[in-house]
Amino acid sequence: MADRNIALLMPGQGSQHVGMGRDLAARHEHVRDLYEAADELLGYGLRQVCWEGTEEALTRTENAQPAILLHSYAVWTCLPDHIRSRICVAAGHSLGEFTAYLAGGTFSFEDALRLVRTRGELMGRAGKVRPGTMAAIIGLDLEAVREVCDSVTGTVVPANINAPGQIVISGDVPAVAAACGAAEAAGARRAMPLNVSGAFHSTLVEEAREGLAEALGSVEFKDPAFPVVANASSVPVASGGTARELLISQLTSPVRWVECVEAMRDTGPDLWLEVGPGKILSGLMRRIDRKQHVRAIEDSDGLAAFTEEWGDA
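Residues numbered from 1 in each chain as written. Predicted model: local features only at pLDDT ≥ 70, side-chain atom pairs only at ≥ 80, totals over all residues. Heavy atoms only, no water.

Peer 1: Which parts of the structure should I look at to understand the overall build of the chain?
Peer 2: Tallying secondary structure elements over the chain gives 15 helices and ten strands in all. Computed over the C-alpha atoms, the radius of gyration of the chain is 19 Å, within 12% of the 20 Å expected from 2.2 N^0.38 for a compact globule of 313 residues. Counting only C-alpha atoms and orienting by the principal axes, one finds that the chain spans roughly 55 × 45 × 35 Å. Taking all 313 residues of the chain together, the buried fraction comes to 56%. Accessible surface, the chain: about 12,600 Å² in total, of which carbon and sulfur atoms supply 46%. (Helix = DSSP H or I, 4+ residues; strand = E, 2+ residues; numbered from the N terminus. Rg over C-alpha atoms; globule rule 2.2 N^0.38 Å. Buried < 20%, exposed > 50% of the residue type's maximum accessible area, 1.4 Å probe, protein only. Areas by Shrake-Rupley, 256 points an atom, 1.4 Å probe, with all protein chains shown as cover.)

Set out below in structure tokens:
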């Protein structure tokens, strides 16, 4: 491992599942401490929501965001130091960008938890002020999806450019429904409505921008220990000040995930490591570039297997 560079991937909303993190806390005292600290910091039982709550409760934006960040960070802290020191670049999908900066030491664990809880609350409220939704379009390229969005009445835009032929659109409910129909007529294999509480990464959540900027402005930002490729720009960020600005922009900008992965690939990583719940980003990586070696770690068994395979050097 000493001569290998690692690209770090942090998952976003949609990766959460009830029970995540419980086995890590059972085996690692410092992980139990993180969950206890999170409950105290946030003033409610996030631990209970993560381990014993309902899928509905965990999926709520204001719960899912701190829950995923907490779990991903817990896994990160369990990795041996000599593995963490090999990170050459990182990126996170939407919420996961906050976790990537946390892993890079840009802000503290306490500040990160408060930020993403606030972000989730703001996004949830914005979804009530301007109701919207999202849908996954499978089998059309980006230009075709843009043409579909432009062809319907109302606000609907590409929001997550996740992989070739896998793009999420976001906007007004009627416009998204119309775009789904137009996408299928244009040859999409599927157009699937998503169970979300708002039109994230579109202008419909502009309502949340001022509050998020205020929250980010209250937190000390340091330069990350490794570059973090920003969703909004697909450019590696090495400055805490730039990180703050782009996290604000990210709220209403598309997640340019394919471009983010391409920018990370340019750094020449030998291994891509997804840290946190699920394997969504690993699956997207295989659709973007099957030649890359990618691993996902979300629990104690995965951590032990990875450490045994890669942790000796």
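Peer 1: What should I look at first to understand helix H5 (residues 61–78) in this one?
Peer 2: An α-helical segment advances 3.6 residues per turn. Residues three or four places apart therefore align on the same side. Taking 1.5 Å of rise per residue, 18 residues should cover 26 Å, and H5 covers 26 Å from first to last C-alpha, within 8% of that figure. Taken across its 18 residues, H5 has 17 buried, putting it largely inside the fold. (Expected span 1.5 Å × (residues − 1).)

Peer 1: Help me understand the side chain of Gln16 in this model?
Peer 2: Residue position: Gln16 is located in the loop between strand E1 (6–10) and helix H1 (22–27). On the accessibility criterion, Gln16 (13% relative accessible area) is buried. Here the side chain of Gln16 touches Gly14 through a polar contact of 2.8 Å, landing on its backbone nitrogen. (Polar contact = N/O pair within 3.5 Å; in protein donor to acceptor, adjacent residues only side chain to side chain.)

Peer 1: Explain the sheet that holds strand E6 (residues 190–193) to me, please; I cannot follow it from the model alone.
Peer 2: The strands making up a sheet are joined through hydrogen bonds of the backbone, oriented either antiparallel or parallel. The sheet built from four strands is open, its strands ordered E4-E5-E3-E6 with antiparallel pairing. The outermost strands of the open sheet, each flanked by one partner alone, are strand E4 (156–163) and E6. Averaged over all pairs of adjacent strands, the angle between strand axes in this sheet comes to 25 degrees, irrespective of strand direction. Both E4 and strand E5 (residues 166–171) contribute to a ladder of six bridges, which runs antiparallel. The partner of Ala163 across the bridge, within E5, is Gln166. Contacting E4 and E5, helix H14 (residues 280–288) crosses the sheet at an angle of about 85 degrees to E4. (Pairing = 2+ DSSP bridges. Axes fitted to C-alpha atoms, helices over the stretch in contact; angles between N-to-C directions. Contact = heavy atoms within 4.5 Å.)

Peer 1: Looking at this model, I keep getting lost on unusual backbone geometry. Mind explaining?
Peer 2: Negative phi values dominate among residues other than glycine, just as trans dominates among peptide bonds. Even without being a glycine, His201 presents a positive backbone phi close to 60 degrees. Its place among the elements puts His201 in the loop between E6 and helix H11 (209–217). One non-glycine residue, Ser234, adopts positive backbone phi at about 55 degrees. Inspection of the secondary structure assignment puts Ser234 in the loop between strand E7 (228–229) and strand E8 (236–237). Classification of Ser234 as buried rests on a relative accessible area of 12%.

Peer 1: Looking at this model, I keep getting lost on the environment of Gln65. Mind explaining?
Peer 2: Structurally, Gln65 is set in helix H5. Residue Gln65 is classed as buried on the basis of its relative accessible area, which comes to 0%. Along the chain, Gln65 and Gln16 lie 49 residues apart, while their C-alpha atoms are 9.0 Å from each other. Not counting residues within four places of it along the chain, the set of residues in contact with Gln65 comprises Gln13, Leu95, Val116, Arg119, Gly120 and Met123.

Peer 1: It is not clear to me how the pattern of salt bridges should be interpreted in this structure. Could you clarify?
Peer 2: Between side chains of opposite charge, pairing is possible as soon as their charged atoms come close. Enumeration according to the criterion identifies ten salt bridges in this entry. With a shortest N-O distance of 3.9 Å, Arg47 and Glu36 are connected by a salt bridge. With a gap of eleven residues between them, Arg47 in helix H3 (residues 46–52) and Glu36 in helix H2 (residues 29–42) connect regions that are remote in the sequence. Residues Glu309 and Arg295 are paired through a salt bridge, measuring 2.4 Å at the closest nitrogen-oxygen approach. Residue Glu309 is located in helix H15 (residues 300–310), and its partner Arg295 is located in strand E10 (residues 294–297); the two are separated by 14 residues in the primary sequence. On the basis of relative accessible area, Glu309 is assigned to the partly exposed category, the value being 49%. Several salt bridges share partner residues, and in doing so they unite Glu36, Asp39 and Arg47 into one network. (Salt bridge = Lys/Arg side-chain N within 4 Å of Asp/Glu carboxyl O.)

Peer 1: Help me understand the packing of H5 against helix H7 (residues 95–103), please; the structure alone is not making it clear to me.
Peer 2: Relative placement of two packed helices is described by the angle separating their axes and the distance separating the axes. Axis separation between H5 and H7 bottoms out at 10 Å; the angle between their running directions is 35 degrees. For the crossing formed where H5 meets H7, the hand is right-handed. Here Ala64, Gln65, Ile68, Leu69, Ser72, Tyr73 and Trp76 of H5 lie close against H7, whose contacting residues are Leu95, Phe98, Thr99, Leu102 and Ala103. Looking at the contact of H5 with H7, its residues break down into nine nonpolar, three polar and no charged. (Left-handed = near helix turned anticlockwise from the far one by under 90°. Nonpolar A, V, L, I, M, F, W, Y, C, P; charged D, E, K, R; others polar.)

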